[in-house]
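# Survey of secondary and tertiary structure
As a plain string of letters, each chain reads:
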Amino acid sequence: MSPLPTIFVSHGSPMLALQDSPARRFLQDLGRSLPRPKAIVVVSAHWETAGSPAVSLAAQPETIHDFGGFPQDLFAIRYPAAGAPELAEQAASLFEAAGIAVGRSAQRGLDHGAWVPLSLMYPDANVPVMQISLVRGADPAAHETLGSALSQLRHEGVLVIGSGSLTHNLYEFRGQPVDAPAPYWVTEFELWMREQLEASDGAALLDYRKRAPSAVKNHPSEEHLLPLFVAMGAAGAGAKAQLLHSSVEHGVLAMDAYAFN
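For the structure given in this document, a descriptive report is provided here. These numbers come from a predicted model, not from an experiment.

### Notes on the packing of aromatic side chains
All told, the structure shown has five aromatic pairs when counted by the stated rule. Geometrically, the ring pair formed by Phe 67 and Trp 115 is tilted, given 6.4 Å between the ring centres and 50° between the ring planes. Here Phe 67, found in the loop between β3 (54-56) and α2 (72-75), pairs with Trp 115, found in helix α4 (residues 112-121); they are 48 residues apart in sequence, far enough to count as distant. Exposure class is identical for Phe 67 and Trp 115. Each is buried. With a centroid separation of 6.2 Å and an interplanar angle of 70°, the aromatic rings of Phe 189 and Tyr 208 are classed as edge-to-face. Of this pair, Phe 189 sits in helix α6 (residues 184-198) while Tyr 208 sits in helix α8 (residues 208-211), placing them 19 residues apart in sequence. Among the residues examined, Phe 189 registers a relative accessible area of 0% and is labelled buried. One aromatic cluster is present, formed by Phe 67, Phe 70, Phe 75 and Trp 115 through successive ring pairs. If you follow Lys 217 out to its NZ or CZ, it ends over the ring of Trp 185, 4.9 Å from the centre.

See the structure below:
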């Protein structure tokens, strides 16, 4: 079996599940373009745990609507994919073998960072899914290390997805339409990230907060970029980044997606 790529996707607003956009159409095509995985691991910006990562053991994970102020049609969506508790235990064992403490959650469901992109990539919900948390307050290097511990999974037919947002400053969202143009500070950050990813400049990427233009403005907090570093680490040493998609929604959400292979 050829190893699967690892993927970083930007999930944007929960309205991505309902509202047409280039990013939505890209995700609909992405699932069809990838070899069918036997299971999916999602590391989402919307699940953080203290001190160490956690895995979800839920056999039938619920669809978590972890947002407010959106149309009722969005709250009516359910993504009924089966869980993958055996894969979760395998991931936990890989962490422990790498000297990384790990928690286990018996009931954690799929937050919108997981089910929104998956509902577009795999609308039939016929691939088992489990989630792994980010570590609250840990830096990009720590999250790359988490991904590295999982790198053998891509050789076993498991698709590892980091789901966040290439830019994510909701303090700058003021009701802009989905197709609003990006301000300069979004564009310059997106281009800097693209250049470093395509050059495989891991040192610059891990230090993005100091080196990238407008880094703190685009990410007042880091949780929406950290899944990228997990995906990067999970691809293994020497993996190359490939830009799969680039667009901007609501002016402030760069929706870039990358494959690592």
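Now that the structure has been shown, the text picks up again.
### Regarding the environment of Gly 164
Checked against the element boundaries, Gly 164 lands in strand β6 (residues 158-164). By relative accessible area, Gly 164 is classed as buried at 0%. Sequence-wise, Gly 164 and Leu 243 are 79 residues apart; in three dimensions their C-alpha atoms are separated by 15 Å. Dropping the residues within four chain positions of it, Gly 164 is found in contact with Phe 8, Val 9, Ser 10, His 11, Gly 12, Ala 45, His 224 and Pro 227.

### As for the packing of helix α1 (residues 22-33) against α4
α4 packs onto α1 with a crossing angle of 65° between their chain directions and a minimal axis gap of 6 Å. Of α4, the residues touching α1 (which contributes Arg 24, Leu 27, Gln 28, Leu 30 and Gly 31) are Pro 117, Leu 120 and Met 121. Residues that form the contact of α1 with α4 fall into these classes: five nonpolar, two polar and one charged.

### Quick look at the pattern of salt bridges
If you walk through the whole model with that rule in mind, you get nine salt bridges. In this structure, Arg 32 engages Asp 29 in a salt bridge whose closest nitrogen and oxygen atoms are separated by 2.5 Å. Here the residue Arg 32 and the residue Asp 29 both occupy positions in helix α1, the gap between them amounting to three residues, near one helical turn. Note that Arg 211 is salt-bridged to Asp 207, the shortest N-O span being 3.2 Å. Judged by relative accessible area, Arg 211 falls into the partly exposed class, the value being 46%. Sharing partners across several salt bridges, the network here consists of Glu 89, Glu 96 and Arg 104.

### Section: the environment of Phe 70
As for its position among the elements, Phe 70 is in the loop between β3 and α2. Its relative accessible area of 27% is what places Phe 70 among the partly exposed residues. Along the primary structure Phe 70 and Ser 148 are separated by 78 residues, whereas in three dimensions their C-alpha atoms are 37 Å apart. Every residue in contact with Phe 70, bar those within four places of it in the chain, is listed here: Ser 13, Pro 14, Met 15 and Phe 75.

Criteria and thresholds
- Residues numbered from 1 in each chain as written.
- Predicted model: local features only at pLDDT ≥ 70, side-chain atom pairs only at ≥ 80, totals over all residues.
- Heavy atoms only, no water.
- Phe/Tyr/Trp six-rings, centres within 6.5 Å; stacked < 30°, edge-to-face > 60°.
- Helix = DSSP H or I, 4+ residues; strand = E, 2+ residues; numbered from the N terminus.
- Buried < 20%, exposed > 50% of the residue type's maximum accessible area, 1.4 Å probe, protein only.
- Lys NZ or Arg CZ within 6 Å of the ring centre and 35° of its normal.
- Contact = heavy atoms within 4.5 Å.
- Axes fitted to C-alpha atoms, helices over the stretch in contact; angles between N-to-C directions.
- Nonpolar A, V, L, I, M, F, W, Y, C, P; charged D, E, K, R; others polar.
- Salt bridge = Lys/Arg side-chain N within 4 Å of Asp/Glu carboxyl O.

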